Amino acid sequence: MLADSSDHRRLAQVAAEERGGRLRHEAGDRSMLTTRLSRIPRVALCHLPTPLEPLPRLTEALGGPRLHVKRDDCTGLAAGGNKARKLEFILAEALAQGADTLVTIGARQSNHVRQTAAAAAKRGLSCEAILVDRVRYVSPRYESSGNALLTPLLGANVTRVPADAGGEALLRRADEVRAQGRAPYVVPMGGSNALGALGYVSCALELSVQAREAGVRLDHVVVASASAGTQAGLLVGLSSVAEGARVHGISVYDADVQRQRERVRSLAEETAELLGIEAVARDAVVVEGGYLGEDYGLPTEAMREAVRLVARSEGLLLDPVYTGKAMAGLIGLIRAGAFSPHEHVVFLHTGGLPGLFAYEEAL
Ligand SMILES: *Cc1c(COP(=O)(O)O)cnc(C)c1O
């Protein structure tokens, strides 16, 4: 039997009350998390907040859902990207410990190393960069352009090492710096420890406020997943302030999806512990495989299509190593029917622009 109109009225009222309760609850969680984050030292390096923008032409080209982009390619710090938010917390610890030299590691075209070099320069520290020959992509521009050009330009002292010698070289360089009477601080690969992941807890807070103001529901967030700090931080943040938001990590680094999932889960656990909040539910950790291609840093056809489509429909530049593959993942999920047409999906643009120049031949 159909409910009569008084049932409808009562139902609408109950729904409004429940929604009000949830919003109050979320606002309470937001202020709790904001307070806890504010107790952790942080150095300002970023242009914040980064914009949250609709992608109407891409939405139309793909036939829905409603797509938006969180522009963390606009964080500033020497061409932008996700490592800037992590470095705000990491650099604060380095300075508190009296460090005068940041020592870090990454691939030849590492965005993380480029932004670490920039952060060091901005605060008057030295930077020692260990660049690992991990990527089997061979081209002259890969060697000389993009981040390979920018990292030494920002003043970092670069040492290149073979694929399997990175960890050892990193520690040896820290010892050498110490032996010279300087004070090294080792920044982990990708800035992905619990401290760095706080940058993305903070991003989750920022995003939840923006989304509410713009009338965007955080049904799904799609992000590239590599050293895992970005996805882990987002998960920790959104789990507590945006009930129901699903974070889809697209694996662009590890072909073993289970291992990537565990990388994200354990880092999310450490990050929650650092903040003194509840760990995220195990089944909230979602990592999608199938978009990496042959290996980290090797171009795929789906990446090329995604980079072209987004450039031509929205005037928005992605990169070949991370956001191009993550967008290929978003497109693949849409085509597989993972979202319904009225749902909202936010793509987190994590930067990587210099990579376009390094991969010129592949594009
Ligand atoms: C490092 C990086 C990522 C991956 O973030 P993680 O925290 O390492 O998972 C994504 N996009 C770009 C452009 C990056 O440089």
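This text gives an overview of the structure that appears in the document. Residue positions within a chain follow its written sequence, with the count starting from 1. Residue-level local features of this predicted model are given only where pLDDT is at least 70; pairs of side-chain atoms are given and counted only at 80 or more, and the full residue set underlies all totals for whole chains, interfaces and linings. To get the side-chain values, take all heavy atoms of the structure and skip hydrogens and water.

**Section: the overall build of the chain**
- Of the regular secondary structure elements, the chain holds 13 helices and 10 strands.
- On C-alpha atoms alone, the chain measures out to a radius of gyration of 21 Å, which is about the 21 Å that the 2.2 N^0.38 rule sets for 363 residues.
- The principal-axis extent of the C-alpha atoms belonging to the chain is close to 80 × 45 × 35 Å.
- For every residue, the accessible area obtained with a 1.4 Å probe (protein chains only) is divided by the maximum for its type, and the residue is called buried under 20%, exposed over 50%, and partly exposed between those limits. When each of the 363 residues of the chain is scored for burial, the buried share is 55%. The numbering of helices and of strands both runs from the N terminus, where a helix is a DSSP run of H or I of at least 4 residues and a strand a run of E of at least 2. Here the globule rule reads 2.2 Å times residues to the power 0.38, and the radius of gyration is calculated from C-alpha atoms.

**Some details on the sheet that holds strand E4 (residues 126–133)**
- Any two strands with at least two DSSP bridges between them are considered paired. Read across the open sheet, the four strands follow the order E5-E4-E3-E6; overall the sheet is parallel. Across the chains shown, the open sheet's two edge strands, defined by having one partner strand only, are strand E5 (157–162) and strand E6 (184–187). Strand-to-strand twist across the sheet, computed as the mean angle between neighbouring axes with direction ignored, equals 25°.
- In this fold helix H3 (residues 83–96) packs onto strand E3 (101–107) and E6, with an angle of close to 155° to the strand it touches most, E6.
- Here a residue-residue contact requires only that any non-hydrogen atoms of the pair lie within 4.5 Å. Under this scheme, a helix contributes an axis fitted over its contacting stretch, all axes are lines through C-alpha atoms, and angles between N-to-C directions fall in the 0 to 180 degree range. Across the sheet, helix H4 (residues 111–122) lies against E3, E4 and E6, angled at about 165° from E3, the strand it touches most.

**Focus on the packing of aromatic side chains**
- Aromatic rings from Phe, Tyr and Trp, taking only the six-membered ring of Trp, are treated as a pair when their centres fall within 6.5 Å; an angle between ring planes under 30 degrees marks them as stacked, one over 60 as edge-to-face, and anything in between as tilted. Counted according to the given criterion, the structure contains five aromatic pairs.
- Aromatic side chains tyrosine 137 and tyrosine 142 sit 5.7 Å apart centroid to centroid with 70° between the ring planes, which places their arrangement in the edge-to-face category. Grouping residues by exposure puts tyrosine 137 and tyrosine 142 together as buried.
- Over the face of the ring belonging to tyrosine 322 we find lysine 83, whose NZ or CZ atom lies 5.5 Å from the ring centre.
- A cation over a ring is seen here: arginine 85 above tyrosine 200, with NZ or CZ 5.7 Å from the ring centre. Here, a charge over a ring is recorded when the distance from Lys NZ or Arg CZ to the ring centre is within 6 Å and its angle to the ring normal is within 35 degrees.

**Structural notes on the pattern of salt bridges**
- A pair is scored as a salt bridge if a Lys or Arg side-chain nitrogen falls within 4 Å of a carboxyl oxygen belonging to Asp or Glu. Counted under the stated rule, the structure contains 24 salt bridges.
- With a closest N to O distance of 2.9 Å, arginine 85 and glutamate 206 form a salt bridge. Taken together, the residues arginine 85 in helix H3 and glutamate 206 in helix H8 (residues 194–214) connect sequence positions 121 residues apart. Side by side, arginine 85 and glutamate 206 carry an identical accessibility label, which is buried.

**Here's the deal with the side chain of lysine 325**
- Among the secondary structure elements, lysine 325 is positioned in helix H12 (residues 323–335).
- No salt bridge forms around the buried lysine 325; measuring N to O, its nearest opposite-charge neighbour aspartate 295 is 7.5 Å away.
- Between N or O atoms, a polar contact is any pair within 3.5 Å; within protein, one atom must be a potential hydrogen donor and the other a potential acceptor, and residues adjacent in sequence are included only when both atoms are from side chains. A polar contact of 2.7 Å, which involves the side chain of lysine 325, links it to the backbone oxygen of leucine 298. Only four residue types enter the charge count: Lys and Arg as positive, Asp and Glu as negative, with His and the chain ends excluded.

**Section: the pairing of E3**
- Burial of E3 is extensive: seven of the seven residues sit out of reach of the surface.
- Two strands pair when backbone bridges link them, and E3 and E4 are joined in this way by seven bridges, in the parallel orientation. Looking at the pairing, leucine 102 lines up with cysteine 127 of E4.
- A crossover counts as right-handed when, viewed with the strands pointing away from the observer, the path leading from the first strand over the helix to the second turns clockwise. Each parallel crossover has a hand, and for E3 linked through H4 to E4 it is right-handed.

**A short note on the site of the ligand**
- Near residues are defined by distance, with any heavy atom within 4 Å of the molecule or strand qualifying the residue. Near the ligand you find 16 residues, and of these Lys83, Lys86, Ser227, Thr230 and Thr350 are the closest.
- In this structure, an oxygen atom belonging to the ligand sits 3.0 Å away from a side-chain N or O atom of asparagine 82.
- The Shrake-Rupley method, run with a 1.4 Å probe, gives the accessible areas here. Residue values count only the displayed protein chains as cover. When the ligand sits alone it has 380 Å² of accessible area, and the protein chains cover 98% of it.
- Elements supplying a minimum of two residues to the shell around the ligand: H3, strand E7 (220–225) and helix H9 (229–241).
- Each residue is assigned to one class: nonpolar for Ala, Val, Leu, Ile, Met, Phe, Trp, Tyr, Cys and Pro, charged for Asp, Glu, Lys and Arg, and polar for all the others, Gly among them. For the shell around the ligand, the class distribution of residues is four nonpolar, 10 polar and two charged.

**Re H3**
- Helix span is expected to be 1.5 Å times the residue number reduced by one. With 14 residues, H3 ought to run about 20 Å at 1.5 Å a step, and its terminal C-alpha atoms sit 20 Å apart, in line with that.
- One axis is fitted to the seven residues ending at the residue and one to the seven starting there. The bend at that residue is the angle between these axes. Along H3, the largest kink reaches about 30° and is centred on phenylalanine 89.
- Among the 14 residues of H3, 11 are classified as buried, and the element is accordingly described as predominantly covered.
- Here H3 has its buried residues at Lys83, Ala84, Arg85, Lys86, Leu87, Glu88, Phe89, Ile90, Leu91, Ala92 and Ala94.

**Re the environment of arginine 312**
- Residue position: arginine 312 is located in helix H11 (residues 301–314).
- Look at arginine 312 and you get exposed, because its relative accessible area is 66%.
- Expressed as a C-alpha distance, the spacing of arginine 312 and valine 14, which sit 298 residues apart in the sequence, is 46 Å.

**Overview of the side chain of aspartate 72**
- Considering the arrangement of structural elements, one finds aspartate 72 in the loop between strand E2 (66–71) and H3.
- Within polar-contact distance, the side chain of aspartate 72 engages the side chain of threonine 50 at 2.7 Å.
- Within the structure, aspartate 72 has its side chain in polar contact with the side chain of tyrosine 200 (distance 2.5 Å).
- Residue contacts for aspartate 72: discarding those within four places in its chain leaves Thr50, Gly80, Gly81, Asn82, Arg85, Tyr200, Cys203, Leu348, His349 and Thr350.

**As for the sheet that holds strand E8 (residues 246–251)**
- Pairing is mixed across the open sheet formed by six strands, whose spatial order is E1-E2-E10-E7-E8-E9. Sheet topology places strand E1 (52–54) and strand E9 (286–288) at the edges, where each strand pairs with a single neighbour. Averaged over all neighbouring strand pairs, the angle between strand axes comes to 30°, with direction disregarded.
- Pairing between E8 and E9: three bridges, direction parallel. Considered in E9, the bridge of glycine 249 is made with valine 287.
- Contacts from H8 reach E1, E2, E7 and strand E10 (344–349) within the one sheet, and its direction differs from that of E2 by about 130°.

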